[in-house]
Amino acid sequence: IDTIVGGAEFHNRSNYERNVIGDLDILENGYADSHFRIWYANISAIDEKKVADRFLVIIKHKQNWEAQLVTSTWKFNDDSAFMVKKQIINGNPKIGWPKFIDSLINLGITSLKDESLVKGMYLRPNANMVHFEIANPHLYRFYSYTTPDYFKETVPEAAQVTQILKLVREQLSFYGLPSEY
């Protein structure tokens, strides 16, 4: 299996969240069909009580395509984090599965590079991030983008990421997701 992991620190954090959320397939060794995960890491959403909501969109194909929005609420201490609540909402794209999946692929969800490899992108301190995890029988990819909305006018890859996020939010009616990232 071809494995491409950008941002190992963020990959490890996502694995921690995957294990705590539970009921999520391990993708690093590939996936029988296609599986996309979009992890939203909203740094600025931590309130004065050190509580924040995290969002994970799962789009996968086993016998049929399915999509879920997993919203989890996390409590943060100085040295740890733990989940205090989880909610799952199912969604179906308004334009139908074939056109939706084709749109994701045409926007580059399976081929975008990690931001560390993209000219003009840089890690902004205390910024929101979005992580993508992609798996199929032959490939596992993990890549990240920091505030793609900030870079979308100057970096084509960041513009593609914002289009992917908008497509997911609007087509799956996951309006609890942030509208800008």
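Shown above is the structure to which this text applies.
Residues numbered from 1 in each chain as written. Predicted model: local features only at pLDDT ≥ 70, side-chain atom pairs only at ≥ 80, totals over all residues. Heavy atoms only, no water.

Visitor: In this structure, what is going on with the side chain of Thr-162? I would like to understand it.
Guide: Take Thr-162: it is sitting in helix α4 (residues 156–171). The contacts of Thr-162, once residues within four sequence positions are left out, are Pro-148, Asp-149 and Lys-152. (Helix = DSSP H or I, 4+ residues; strand = E, 2+ residues; numbered from the N terminus. Contact = heavy atoms within 4.5 Å.)

Visitor: Just checking my understanding: could you explain the pattern of salt bridges for this structure?
Guide: Taken as a whole, this structure holds two salt bridges when the rule is applied. With its nearest N and O atoms 3.3 Å apart, the salt bridge here joins Arg-37 to Glu-133. Linking Arg-37 in strand β2 (residues 35–41) with Glu-133 in strand β6 (residues 129–136), this pair joins segments that are 96 residues apart in sequence. Just as Arg-37 is buried, Glu-133 falls in that class too. Ionic pairing is found between Asp-149 and Lys-152, a salt bridge with its closest N-O pair at 3.8 Å. (Salt bridge = Lys/Arg side-chain N within 4 Å of Asp/Glu carboxyl O. Buried < 20%, exposed > 50% of the residue type's maximum accessible area, 1.4 Å probe, protein only.)

Visitor: Help me understand the nonpolar core in this model?
Guide: Within soluble globular proteins, side chains that are nonpolar tend to cluster in buried spots. Within the largest apolar cluster, 33 residues are counted, with the highest numbers of intra-cluster contacts made by Ile-38, Val-57, Ile-59, Phe-132 and Val-168. For this core, the secondary-structure elements that each account for two or more residues are β2, β3 (51–61), β4 (65–76), α2 (97–106), β6, β7 (139–146) and α4. The element contributing the most residues to this core is α4, with six residues. Discounting chain neighbours no more than four positions away, the residues touching Val-168 are Ile-38, Val-57, Ile-59, Phe-100, Leu-104, Ser-173 and Leu-177. Membership of the second largest hydrophobic core comes to eight residues, among which are Ile-21, Trp-39, Val-70 and Ala-81. (Core = buried A, V, L, I, M, F, W, Y, C linked by side-chain atoms within 4.5 Å.)

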